[in-house]
Structures are given as structure tokens and as C-alpha cells.
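As a plain string of letters, each chain reads:
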Amino acid sequence: MKSKTGDLVLVHAYKHSGKLYRSWEKVSVFEETDDYLILINEEVLITEVNGRKWKTNEPAIWFFFKNSWYNIICMFKERGINYYCNLASPYIFEEDTVKYIDYDLDFKVFNDNSYKILDLKEFNRNRMSWNYSAEIVDKVWESVDEIKSMIKNKVKPFDHDYVTNIWEEYEKTKK
């Protein structure tokens, strides 16, 4: 069953071990197609595995893909749009919850399209401890190359105008 614009959902991030490690509450659905899901984060409550709770600082648009091994958060900061990319399994949607497995590696992409790859040590440690299959490791590295190309070529959602237009559309629905 597809969600509708404005529906509030949970997001659950799991580790490969199957353990839930982070959840987001009351994330708003903007759009769902056969290929992707776009969510809106505005002051969303996040709960960490250790019980720590905090709220998101800035508004954001979160892109999930049914066939890609990453999800992308576009954050509207004072100095422009920044992106955070989680290398992760394609998402599934069940019981009003978006679920994915986080595979540790992340990209932090700045407003000028420069970027940093984060958590390489964590990825290497976890792939050994949890025995990531060769197929999963290959998918993750293929996705790293794909994201680098998307950033370089400003492919959606790494196109500031595109995400700004989505935000403006979302703002209209709130009125």
C-alpha cells in the first residue's frame, strides 16, 4: 500500500546484525513513486540505540530509493544546502515504517559540492564482525562510485534548484 502526501511515518535504521540502532518519529511523506520515496524532516525526534533523544536542527528532505544502496538527506542550513548520504540497503515500507540497513559509510556533501567520506574504519570493522557478503561489499563500493558521479554532475538530488523547488512545494501544502 502506498503512502499519501502528508502521512506521518517512522524511519528505522538497522545494522546488518538486525539490531535497530536509530529511529525517527513523525517524518512527513512528500511523495512516493514506484522508484523512490521523498520524506520531509522538520523538528523530527530521533532516538538512538542508547536511549539518547534529540531533534533535527534544520529542515531537510530525505530521499529513499527502492533499487539503490543509499539514501540522501538534503539539509537546509544557513550557509546553503548540505547533503548527508547513508550507504544503505534499498528501503522497505511496512506498518507505516520506512526500514533500511545502514552499511556504515557516509558522505557529507557541502554546499559547494565538495565532500568527505566518513566512517571507513567502522565499515571495515563491521564488515568483518558481521561477515558482510562479497555482494554487499560490492554494492556499497559501486554506490560510492555512483554517488561521486552524481555529486560531480549535480544529478538529482544533488541539484540545489531541484531540492529548493521540492521544499517550496512542501511549504505550499502546509498553508
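Below: a short report on this structure. Just so we're clear, the structure is a prediction, and the values are computed from it rather than from any experiment.

Conventions adopted
Just so you know, the residues in each chain are numbered from 1, in the order the chain's sequence is written. In keeping with the predicted nature of the model, local features appear solely for residues at pLDDT of at least 70, side-chain atom pairs appear and are counted solely at 80 or more, and the whole-chain, interface and lining totals rest on all residues. Note that water and hydrogens are dropped before the side-chain values are worked out from all heavy atoms of the structure. Strands here mean DSSP runs of E at least two residues long; helices mean DSSP runs of H or I at least four residues long; both are numbered from the N terminus. Only the C-alpha atoms count toward the radius of gyration. The rule for a globule is 2.2 Å times the residue count to the power 0.38. When accessible area is computed with a 1.4 Å probe and restricted to protein chains, residues below 20% of their type maximum are described as buried, those above 50% as exposed, and intermediate ones as partly exposed. Here, two residues are considered to be in contact whenever any of their heavy atoms come within 4.5 Å of each other. Throughout this description, the term salt bridge denotes a Lys or Arg side-chain nitrogen within 4 Å of a carboxyl oxygen of Asp or Glu. By nonpolar core we mean a set of buried residues, namely Ala, Val, Leu, Ile, Met, Phe, Trp, Tyr and Cys, connected to one another through side-chain atoms within 4.5 Å. Exposure above 30% relative accessible area and the lack of any salt bridge qualify a residue for a patch; like charges then connect within 9 Å, and the nonpolar side chains Val, Leu, Ile, Met, Phe, Trp and Tyr within 5 Å. Only the protein chains shown count as cover for residues, and all accessible areas are computed by the Shrake-Rupley method using a 1.4 Å probe. Asp and Glu count as negative and Lys and Arg as positive, but His and the ends of the chain are not part of the count. Where a charge sits is defined by one atom per residue type, namely NZ (Lys), CZ (Arg), CG (Asp) or CD (Glu). Here a polar contact means two N or O atoms within 3.5 Å. Within protein one must be a hydrogen donor candidate and the other an acceptor candidate, and residues neighboring in sequence count only if both atoms are side-chain atoms. The disulfide criterion used throughout: a pair of cysteine sulfur atoms within 2.5 Å.

### Observations concerning the overall build of the protein
Looking only at helices and strands, the protein has three helices and eleven strands in total. Order of helices (α) and strands (β) in the protein, N terminus to C terminus: β-β-β-β-β-β-β-β-β-β-β-α-α-α. Expected size for 175 residues packed as a compact globule is a radius of gyration near 16 Å; at 16 Å, the protein falls within 12% of this value. C-alpha extents for the protein along the principal axes are approximately 50 × 35 × 30 Å. The buried share of the protein, taken over its 175 residues, is 46%.

### Details of the side chain of His12
Locating His12 in the fold gives a position in strand 1 (residues 8-14). A residue is classified by how much of its surface remains accessible, and His12, at 15% relative accessible area, is buried. If we skip the residues at most four places from it in the chain, His12 touches Leu20, Arg22, Ser23, Thr97, Val98, Lys99 and Tyr100.

### Digging into the pattern of salt bridges
Overall, the coordinates contain nine salt bridges when judged by the stated rule. Lys15 is the partner of Glu122 in a salt bridge, and the nearest nitrogen-oxygen pair spans 3.3 Å. Taken together, the residues Glu122 in helix 1 (residues 120-129) and Lys15 in the loop between strand 1 and strand 2 (20-32) connect sequence positions 107 residues apart. Two residues, Glu32 and Lys66, come together in a salt bridge whose shortest N-O distance is 3.7 Å. Of this pair, Glu32 sits in strand 2 while Lys66 is found in the loop between strand 6 (60-65) and strand 7 (70-77), placing the two residues 34 residues apart along the sequence. By relative accessible area, Glu32 is classed as buried at 14%.

### Digging into the nonpolar core
Across soluble globular proteins, nonpolar side chains have a tendency to be buried as a group. By size, the foremost hydrophobic cluster in this structure holds 33 residues, and its most contacted members are Ile61, Ile72 and Phe158. Of all the secondary-structure elements, those providing two or more residues to this core are strand 3 (36-41), strand 6, strand 7, strand 8 (80-88), strand 10 (97-109), helix 2 (134-152) and helix 3 (160-174). For this core, the element with the most residues is helix 2, which contributes seven residues. Grouped together as the second largest cluster of nonpolar side chains are 20 residues, Val44, Ala60, Tyr91 and Tyr100 included.

### A few points about a negative patch on the surface
On the surface, a cluster of negative charge is made up of Glu135, Asp138, Glu142, Asp145 and Glu146. The residue Glu135 is located in helix 2 in this model.

### Looking at the side chain of Asn86
Here Asn86 shows up in strand 8. Within the structure, the side chain of Asn86 is placed 2.8 Å from the side chain of Asn71, a separation counted as a polar contact. Discounting chain neighbours no more than four positions away, the residues touching Asn86 are Trp62, Trp69, Tyr70, Asn71, Ile73, Tyr100, Asp102, Leu105 and Asp106.

### Regarding the environment of Asn82
Mapped onto the fold, Asn82 is located in strand 8. Those residues within four positions of Asn82 in sequence are excluded, and the remaining contacts are Ile73, Cys74, Met75, Lys77, Val109, Phe110 and Asn111. Within the local environment of Asn82, its side chain forms a polar contact with the backbone nitrogen of Asn111, the two atoms lying 3.1 Å apart.

### Considering the environment of Tyr84
You can see Tyr84 is positioned in strand 8. Sequence separation of Tyr84 and Lys156 is 72 residues, and the distance between their C-alpha atoms is 14 Å. When neighbours within four sequence positions are excluded, Tyr84 is seen to be in contact with Asn71, Ile72, Ile73, Met75, Asp106, Phe107, Leu118 and Asp119. Here the side chain of Tyr84 touches Asp106 through a polar contact of 3.1 Å, side chain to side chain.

### Quick look at the state of the cysteines
One way to say it: the disulfide is the covalent bond shared by the sulfur atoms of two cysteines. One pass over the full model with this rule turns up zero disulfides. Free cysteine: Cys74, not disulfide-bonded; nearest cysteine sulfur from Cys85 at 8.1 Å. According to the relative accessible area criterion, Cys74 is buried, its value standing at 0%. The class for Cys85 is buried, based on a relative accessible area of 0%.

Any link to function would need more than the numbers given here.
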